[in-house]
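# Observations on chain architecture
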Amino acid sequence: MKVKVCGIRSAEDIQTALDTDADAIGFFVGQVHKSPDFILPSTAGRLAAGLPPFITPVLVTHLNNVSDIIDIIGKSSISTIQLHGNLSVDQVKELNDHLPPGGKIILAAYLTPGETPDLVEYYPFISAVLLDAFNESPELIETGTHEKYFWNEAAEFVKKCPLPVILAGGLTPANINEAVITVKPYAVDANRGLKEESGGNCCEYRCKAFIKTAKNPQGLPKTEIAVTDDLTTV
């Protein structure tokens, strides 16, 4: 099980994530909605440059203009990008064509009751799907108004998806065990659930509890956990 700690803003946050065994670091770049987690592309690039080997930096953006996305990739020198901007297939294909060698696209999708995202046309141009099983649309990401987790629907999506699926959306140390056991994703991704009460820096206690449980869930044999040899996907 791979774990991405998202919303990283400082070297201190990175150290907390690394000390608690994170596999990937997510930087919010290209602000569209209100959030204290967004940083400049140059800041993301500087922080990513200090990461040790085998730890993957990921640009997380809600931008939906391909030129703007290419610009932040160039300014940060980070070539794995997580898209939340509801881009069309043609836009994702264009972005994929402009990625540097080794670049990867993670496409965010949102679950709704009784409906499974249809991403078949996107699959040739992306490396993974980030499945938000909590927020029903990008507009609700920072509201924290939902208490429903679509984990059973997420599990069905994981079974059918030919690409690695990263589970996200409202994950915390309190629910990660149930989420992993139910969904069996390739990886998990968390932000708010790993922050201090003030909503600022990463909390070492929460990160440690979250990552330890995600990688060793109680009630799920290790052989049932989705794995892959591709360490650069998240």
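That block above? That's the structure.
Summarised in this report is the structure supplied together with it. It should be emphasised that the depicted structure is a prediction, and the values quoted were computed from it without experimental measurement.

Below, the discussion takes up the pairing of strand 3 (residues 56–61). By the criterion of burial, strand 3 is predominantly enclosed, with five of the six residues buried. A crossover connection joins strand 2 (residues 24–28) to the parallel strand 3 through helix 2 (residues 41–49); in handedness this β-α-β unit is right-handed. Direction of pairing for strand 3 relative to strand 4 (residues 80–83): parallel, over a ladder of three bridges. Note that in strand 4 the partner of Thr61 across the bridge is Leu83. Remark: the strand 3/helix 3 (residues 66–76)/strand 4 crossover connection has right-handed handedness.

This brings us to the side chain of Ser76. Structurally, Ser76 is set in helix 3. Once you skip the residues sitting within four places of it in the chain, Ser76 turns out to touch Pro41, Gly45 and Leu59.

Attention now goes to the nonpolar core. In this structure, Phe27 and Val188 are the most contacted members of the largest nonpolar core, which totals 64 residues. In this structure, Phe27 is in contact with Ile8, Ile14, Ile39, Ala44, Leu47, Ala48, Pro57, Val58, Leu59, Val60 and Ile78, ignoring residues within four places of it in sequence. Core analysis: the second largest hydrophobic core is formed by 14 residues, Ile106, Ala128, Leu130 and Ile166 among them.

A full pass over the atoms with the stated rule returns nine salt bridges. Residue Lys215 is joined to Asp21 by a salt bridge in which the shortest nitrogen-to-oxygen separation is 3.3 Å. With Lys215 in helix 7 (residues 204–215) and Asp21 in the loop between helix 1 (11–19) and strand 2, this residue pair connects regions lying 194 residues apart in the sequence. Residue Lys215 is classed as buried on the basis of its relative accessible area of 19%. On the basis of relative accessible area, Asp21 is assigned to the partly exposed category, the value being 45%.

Our focus in this paragraph is the packing of aromatic side chains. Enumeration over the complete set of coordinates arrives at three aromatic pairs. Aromatic side chains Phe134 and Tyr149 sit 4.7 Å apart centroid to centroid with 25° between the ring planes, which places their arrangement in the stacked category. Of the two residues, Phe134 sits in the loop between strand 6 (128–132) and helix 5 (151–160) while Tyr149 sits in the loop between strand 6 and helix 5, which places them 15 residues apart along the sequence. Grouping aromatic residues by their ring pairs yields a cluster made of Phe134, Tyr149 and Trp151.

What follows is about the packing of helix 3 against helix 4 (residues 89–98). For the pair helix 3 and helix 4, interaxial distance at closest approach is 10 Å and the crossing angle is 30°. When the axis of helix 3 is compared with that of helix 4, the two are roughly parallel. Crossing handedness for the pair helix 3 and helix 4: right-handed. Here Val66, Ile69, Ile70 and Ile73 of helix 3 lie close against helix 4, whose contacting residues are Gln91, Glu94, Leu95 and His98. When grouped by side-chain class, the residues that make up the contact of helix 3 with helix 4 number five nonpolar, two polar and one charged.

Cut-off values and rules
Residues numbered from 1 in each chain as written. Predicted model: local features only at pLDDT ≥ 70, side-chain atom pairs only at ≥ 80, totals over all residues. Heavy atoms only, no water. Buried < 20%, exposed > 50% of the residue type's maximum accessible area, 1.4 Å probe, protein only. Helix = DSSP H or I, 4+ residues; strand = E, 2+ residues; numbered from the N terminus. Right-handed = clockwise from strand over helix to strand, strands pointing away. Pairing = 2+ DSSP bridges. Contact = heavy atoms within 4.5 Å. Core = buried A, V, L, I, M, F, W, Y, C linked by side-chain atoms within 4.5 Å. Salt bridge = Lys/Arg side-chain N within 4 Å of Asp/Glu carboxyl O. Phe/Tyr/Trp six-rings, centres within 6.5 Å; stacked < 30°, edge-to-face > 60°. Axes fitted to C-alpha atoms, helices over the stretch in contact; angles between N-to-C directions. Parallel < 35°, antiparallel > 145°, perpendicular 65-115°, else oblique. Left-handed = near helix turned anticlockwise from the far one by under 90°. Nonpolar A, V, L, I, M, F, W, Y, C, P; charged D, E, K, R; others polar.

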